[in-house]
Every structure is written in structure tokens, then in C-alpha cells.
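Structure at a glance
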Amino acid sequence: MLEYQIFFDYTPMLLLGFWLTIKIVVCAIALGIPLGLFLALGRRSKFLIVSFLSTSFIEVFRNTPFIIQVFLFYYVLPFYGLKLSAEYVGVLALAAFGGAYFAEIIRAGIDAVPKGQLESARAIGMTDWQAMRNVILPQTLSIVIPPLTNQTLTLIKESAILSTITVHELTMTGLMVQGETFRPFEVFIMVALLYWALNETVATLMRKFEQSIKKKRNPTSDSNSSSTVEKSEGTK
Amino acid sequence: MTSNFLEIKGLHKRFGNIAALNNVSLNVSKGEVIFVIGPSGCGKSTLLRAVNWLTPPDKGEVWLEGELVGSSSSKLTIKQSQLLNGFRARMGMVFQQFNVWPHLNVLENVVRAQLVVAKRKRADAESTALKILDQVGLQNKIDEWPDHLSGGQKQRLAIARALAMDPTLMLLDEPTSALDPELIGEVLTVLKRLVNNGMTMLIVTHELGFASEFGDRLLFMDGGEVIEEGPPKKILTMPKTKRLKMFLEKLDVTSFKKEEKL
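Values in this document were obtained by computation on a predicted structure and should not be read as measured data. (Residues numbered from 1 in each chain as written. Chains lettered and ligands numbered in written order. Predicted model: local features only at pLDDT ≥ 70, side-chain atom pairs only at ≥ 80, totals over all residues. Heavy atoms only, no water.)

What to know about the sheet that holds strand β4 (residues 59-64) of chain B
Residue and element names in this part refer to chain B. Heads up, the rule is: In this analysis, strands are considered paired if DSSP registers two or more bridges between them. A run of H or I in DSSP becomes a helix once it reaches four residues, and a run of E becomes a strand once it reaches two; helices and strands are each numbered from the N terminus. Note on method: axes are straight lines fitted to C-alpha atoms, helices fitted across the in-contact stretch only, with angles between N-to-C directions ranging 0 to 180 degrees. We call two residues in contact when some of their heavy atoms are within 4.5 Å.
An order of β2-β1-β4-β5 is seen for the four strands of this open sheet, with the pairing classed as antiparallel. The outermost strands of the open sheet, each flanked by one partner alone, are β2 (18-28) and β5 (67-71). Adjacent strand axes in the sheet meet at a mean angle of 20 degrees when their direction is disregarded. As paired strands, β4 and β5 are joined by four bridges and run antiparallel to one another. Bridge assignment links Leu64 to a residue of β5, and that residue is Glu67. Strands in contact with helix α1 (residues 44-51) are β1 (6-15), β2, β4 and β5; relative to β1, the strand with the most contacts, it is inclined by about 125 degrees. Sheet contacts for helix α2 (residues 78-90): β4 and β5; angle to β5, the most-contacted strand, approximately 110 degrees.

See the structure below:
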């Protein structure tokens, strides 16, 4: 049987943890998306050092378990004199992990813009960066919103792992409440509901954002496909 | 020959085993309209793209109005690449596939590079854009999005975008090849007006009628080399080389076949 009293008694405590989860995730995304953009551009830089470092960063953070990254950040950084609170470590770890994935999403988005777009921008006299900023990245945006949303949802869920380094976010709070009440079902149902509500909200907002861009540009079908022919012309 | 408006000296470009440009040199006077024809893969597009260094040649130099645009012998420094961007703005390029910017409306397509590259004020850029859009017949479409334009309208927009930079030279890479036959005329009309205004142009095309009527000179390229060169009417009616004869025959045959199908 459900003990409804638990829902009332412990909701404030769980909401506190939920609030910390939101703050951490928002900070991690606010850092992670610019980091991802930087890494994506860095990866295609003509300076070998920059592209090597960017690629290495992406590969390391994409190909190791997040929980190990968290442990490394939390237990290893202090050895090098960097003592940060668990919350900050959590934000940094999430931003680094997310940034690596965001970078690959953004890179794929850049690659998906037809080659002729960059060429026409360069041919009119734009620098590489001006072409990126004015022509390529704005077109990348509508392409990358769905995968970026996916990755954001993953990041929100992965933040639960920060409970292992004593961050009092939602999962940690849930564990504590369950320790006091010995009612795992009630507690974790609430925890799950809160994660679900957050993700559903994010997904809905992003979908609205995507639709508003599409509506503005009225995209039909052909403008992108037409440039694939031009590509073969350019490489011969 | 230093008084030349555009000087192309000994361009070489290889893609793997294929020589796209094999020692191509060309001098262009101001106001001259030069058409380049040749079979697919002959290097005609590469020639155009080498002039504004979009495809840097392996060997050779390009000079515009006495200034060095690019040279294969010197590495591209930061200063030189800045200069190159300036040269590119002066050499308007039009692509076969239009490459208009779908995230910007018609007006903004013509305005953006004026702001970013030429550093003009928005008000000035917009009035220039409106004037030029009027010239290419898109004055009623300024708020439209490129995805809603026809191919001919897109290409006229691309021409307007290039013209807004006040180019001294236009490079047109098969400007009508991607268009439905009934849309070619509207683009040719705009190009004819450019010819009449004395614009210097290098045009890669398959429109032989257009070339013979409006060209000052015609180049026939094959295998990365200029095979024949001279006044269009003379070259098209009295080809000297076998290769050009064959090329023209093939074009005739295909156009004949098309008519037959209709």
C-alpha cells in the first residue's frame, strides 16, 4: 500500500534537491553548448594543435563512462591543488561530458549545410569566421535542435550520477529520504516524476523553438538538395 | 602586357590524376565578355574558381588591375588572405546551383555581405540592395524567402547579391545550366543588361547562341587546356580543331534529339 503521508512530508525536501538539479543542469548546459561549439570549430581548425586538442578532448569524454569522469574530477583535481565543492565539480563534469557530445552534434550540423553555402560566402569576400557566423551556423541551428534536445535530456538524466559524489541533487535527496522512511516505492516514484516533468518541459520548449524557426523560413524541400549536384561539379 | 585588366598566368591544377588546368593563361581587357565552353570535366569551372582563388591552383598567378590576387609560389599569409577577401568582393561570382542563403530573406541576401564585407551602413546597404533588386526584376520579392522562389528568381537573386558589392568583374559558372528551359530567358535578360553596361565578364556556359551574340571572345577548353580561342561567331562556325568540331557536333546532336522528342 502507498503511504500518502510521505508525499506530503517529504515533497519540500525533494523539491530542494530538484531545484539543485535544475541549477546544475542549467549551468552545465550554459557552459557545455559554447564548449561544444568551440570544440566543433576547433576540430576543423587549420591549426593542427587546436584541431588535435579539440579532437582529443571530444574522444576522451565521449568514450569513457561518465561516472568515471566524475570520480576523476572529484578525487583527482584536489591533488593538483584545485579544491572545488562537489556542486562545482558536478557542473564541470557535466559540461565537459555534454560539451563533447554537443561538439559532435554541431559538427554534423555544420557538415550537413551544403558546401555551396560556404563557397558562396567565401566567394563574396567573407572570412572563414564571417561565413560561419553569417551563413553556416544560422543554417546549422535548425538542423541541430532535435539532436541537441536529445543530448540535453540525457544530460539531465546523467546528473543523477552526481549523487555519488555527495551533491545533494534530486537523486541524492531521494536516497536520503528513502533511508529515513524505508519507503523506496513512494520516494522513487516521486523522483522519477520530477525528472520526467523536467525533461518533458525541456523537450516541449525545444520543439516550439524549432517550429518557430521553421515557420519563419517557410522551408519547402529543394534549396538544400539542389546543392549536392554542385558538389560533384566542384570536385572534378 | 601590364595594362591588362585581368591577367591569368600559367595556371596548373590537378585533382588526383586529372589535370583540370594545364598551363592556362589568359589576358582580359576591361569590359571584355569572355565565354568559356568545353565538355564536362574540361577544367572550365576550375578556371573560374582559380581566378578568385576559391580553388587555389597548384601553379600560376592571377592579377587584377595590376594587383596580385594570388600566387602559388607564396604562402597565404594572414595579410594576403585579408587582401584576397577584398579581391573576391570585387569579383562577383555566380554559381550553377545559385547558392542563395535560405535562412535570409531576399533583401537580406543582398544586404548581408555589404554589411559584413564592405562594412556599409545598413541604410546604405538596403538602398543599394533595393536598387539592384529592381534591376534584376525582384523588387516585388524583397520580403520573400529563397525557398519560395523559382530557379530563375534564385539565380537573379544570386546575381544581385554579387552586384551589390560593386564588382569590377563577374565570374559566372554555368549560370543557366540548372534552370528549366522556360526560366533561362529571364536570367539571360539580366546578363545581357550587364553586357550592355560594360561589365567585364567571364562566363562558363553551354548557351552557344548567347555566347556568339554577346561574347567578345570565346575559349574552347578540353583536358585542362585552351584548345581554341577567338571571336565566338568565327570559332563556332569554323572550328579549326577536330576536338571542337566533335564537341559542337555532339551539342548539335543532343539539341536536335531534344527537339525531336518534343
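There is more to say after this.
Notes on the pattern of salt bridges
What counts here: By convention in these notes, a salt bridge is any Lys or Arg side-chain nitrogen within 4 Å of a carboxyl oxygen on Asp or Glu. Only protein chains enter the accessibility calculation, which uses a 1.4 Å probe; a residue is then buried when its area is under 20% of its type maximum, exposed when over 50%, and partly exposed in between.
Taken as a whole and judged by the stated rule, the model has 23 salt bridges over all chains. Between Glu65(B) and Arg90(B) there is a salt bridge whose closest N-O contact spans 2.8 Å. Highlighted residues: Glu65(B) in the loop between β4 and β5 and Arg90(B) in helix α2, separated in sequence by 25 residues. With a relative accessible area of 37%, Glu65(B) lands in the partly exposed category. On the accessibility criterion, Arg90(B) (22% relative accessible area) is partly exposed. A cluster of three or more residues bridged by salt bridges with shared partners is formed by Arg43(A), Glu59(A), Arg62(A), Glu104(A) and Arg107(A).

Points about the layout of surface pockets
Which parts of space are left empty comes out when a probe the size of a water molecule is rolled across the atoms. Note the following rule: Lining residues are defined by having an atom within 4 Å of a point belonging to a cavity or pocket. Those points lie on a 1 Å grid over the protein atoms alone, cavities being sets where a 1.4 Å probe fits but cannot get out and pockets being open sets with protein on both sides within 12 Å along at least five of seven lines. Grid points are joined across faces, edges and corners, and a volume is the space filled by probe spheres set on the points. Note that Gly is not counted as nonpolar here; it falls among the polar residues with everything else outside the nonpolar set of Ala, Val, Leu, Ile, Met, Phe, Trp, Tyr, Cys and Pro and the charged set of Asp, Glu, Lys and Arg.
The computed volume of the largest pocket comes to approximately 1100 Å³. The wall of the largest pocket is formed by 29 residues, among which Lys46(A), Arg122(A), Thr127(A), Asp128(A) and Trp129(A) lie closest to the centre. Secondary-structure elements contributing two or more residues to the lining of the largest pocket are α5 (115-123) and α6 (128-158) of chain A together with α2 of chain B. Of all the elements, α2(B) adds the most residues to the lining of the largest pocket, at six residues. Of the residues that constitute the lining of the largest pocket, the class distribution is twelve nonpolar, eight polar and nine charged.

Observations regarding the packing of aromatic side chains
The criterion, for reference: Planes of paired rings set the category: under 30 degrees apart is stacked, over 60 is edge-to-face and the rest tilted, where pairs are Phe, Tyr or Trp rings (Trp by its six-membered ring) whose centres lie within 6.5 Å. Think of it as a cone above the ring: NZ of Lys or CZ of Arg counts as a charge over the ring if it is within 6 Å of the ring centre and within 35 degrees of the ring normal.
In the structure shown here, the tally under the stated rule is ten aromatic pairs over all chains. The interplanar angle of 70 degrees and the centroid separation of 5.0 Å between the aromatic rings of Tyr74(A) and Tyr75(A) together place this pair among those described as edge-to-face. Of the residues examined, Tyr74(A) reaches a relative accessible area of 22% and is grouped as partly exposed. Here Tyr75(A) falls in the partly exposed class, since its relative accessible area comes to 46%. Between the NZ or CZ atom of Arg161(B) and the centre of the ring of Trp101(B), over which it lies, the distance is 4.2 Å.

Topic: the side chain of Glu228(B)
Residues and elements named next belong to chain B. Our working rule: Neither His nor the chain ends contribute to the count of charged residues, in which Lys and Arg are positive and Asp and Glu negative. Residues adjacent in sequence count toward polar contacts only when both atoms are side-chain atoms; beyond that, a polar contact is any pair of N or O atoms within 3.5 Å, and within protein one must be able to donate a hydrogen and the other to accept it.
If you trace the backbone, Glu228 turns up in strand β10 (residues 225-230). Lys240 provides the closest opposite charge to the buried, salt-bridge-free Glu228, at an N-O distance of 5.1 Å. Reaching out from Glu228, the side chain makes a polar contact with the backbone nitrogen of Lys240 at a distance of 2.9 Å. A distance of 2.7 Å separates polar atoms of two side chains, one belonging to Glu228 and the other to Thr241. Every residue in contact with Glu228, bar those within four places of it in the chain, is listed here: Leu218, Leu219, Phe220, Ile235, Pro239, Lys240, Thr241 and Leu244.

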